[in-house]
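So you can see what is in the structure, the chains are spelled out below.
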Amino acid sequence: MSVKGLQKFVRGTKALFVAERSELELLGDVYIVGDDKIVAKWREVACFNIPLRPKTYFTGNITLTLGKDNLIVNYLEQWDLTIPEILATARPSF
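Residues numbered from 1 in each chain as written. Predicted model: local features only at pLDDT ≥ 70, side-chain atom pairs only at ≥ 80, totals over all residues. Heavy atoms only, no water.

Chemist: Run through the pattern of salt bridges, naming residues and quoting values.
Modeler: Inspection of the entire model under this criterion finds three salt bridges. The salt bridge involving Arg43 is made with Glu25; its shortest N-O contact spans 3.2 Å. Of the two residues, Arg43 is situated in strand β2 (residues 37-47) and Glu25 in strand β1 (residues 23-33); the sequence distance between them amounts to 18 residues. What makes Arg43 partly exposed here is its relative accessible area of 27%. With relative accessibility at 37%, the residue Glu25 sits in the partly exposed group. For the salt bridge of Asp80 with Lys41, the shortest nitrogen-to-oxygen distance reads 2.4 Å. (Salt bridge = Lys/Arg side-chain N within 4 Å of Asp/Glu carboxyl O. Helix = DSSP H or I, 4+ residues; strand = E, 2+ residues; numbered from the N terminus. Buried < 20%, exposed > 50% of the residue type's maximum accessible area, 1.4 Å probe, protein only.)

Pasting the structure below:
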């Protein structure tokens, strides 16, 4: 899924997850790759903002690409499981 614009990304994330029941943890070091990329591995506990507030756990990595002004121009998130695999592990958290 591609989202253009920071405000749209933030709105979508806030609508999808219950913040006070979700967590994100960096796993290991954050790496600088070349002159314009930052790469990190993470683990997420995600509580979805739908009935029964299902919660699931998964890992992935993020690649941030920097522009010439050193601001982030691209955010790529890759999950270690497919969406169906993640949803299959979700359990109600009430």
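Chemist: Lay out the sheet that holds β2 with the relevant residues and their values.
Modeler: Taken in spatial order, the four strands line up as β1-β2-β3-β4 in an open sheet, and their pairing is antiparallel. At either end of the open sheet lies a strand with only one pairing partner, and these are β1 and β4 (72-79). Across the sheet, the mean angle separating the axes of adjacent strands is 20° when strand polarity is ignored. In the sheet, β2 pairs with strand β3 (residues 55-66) via 11 bridges, with the strands oriented antiparallel. Opposite Lys37, over in β3, you have Thr65 as the bridge partner. (Pairing = 2+ DSSP bridges. Axes fitted to C-alpha atoms, helices over the stretch in contact; angles between N-to-C directions.)

Chemist: Provide a residue-level description of the side chain of Thr56, including the pertinent values.
Modeler: With respect to the element layout, Thr56 can be found in strand β3. One polar contact links the side chain of Thr56 to the main-chain carbonyl oxygen of Ile86, over a distance of 3.2 Å. Beyond its immediate stretch of four places on either side in the chain, Thr56 contacts Glu44, Val45, Ala46, Phe48, Ile86, Thr89 and Ala90. (Polar contact = N/O pair within 3.5 Å; in protein donor to acceptor, adjacent residues only side chain to side chain. Contact = heavy atoms within 4.5 Å.)

Chemist: Any details on unusual backbone geometry? Residues and values, ideally.
Modeler: Backbone geometry at Leu52 places phi at a positive 75°, although glycine is not the residue there. Looking at the element boundaries, Leu52 is found in the loop between β2 and β3. One non-glycine residue, Arg53, adopts positive backbone phi at about 45°. Relative to the assigned elements, Arg53 resides in the loop between β2 and β3. What makes Arg53 partly exposed here is its relative accessible area of 31%.

Chemist: Tell me about the nonpolar core, and please be specific about residues and values.
Modeler: With nine residues, the main nonpolar core is built from Phe17, Ala40, Trp42, Ala46, Phe48, Phe58, Ile62, Leu64 and Ile86. Those elements giving two or more residues to this core turn out to be β2 and β3. (Core = buried A, V, L, I, M, F, W, Y, C linked by side-chain atoms within 4.5 Å.)

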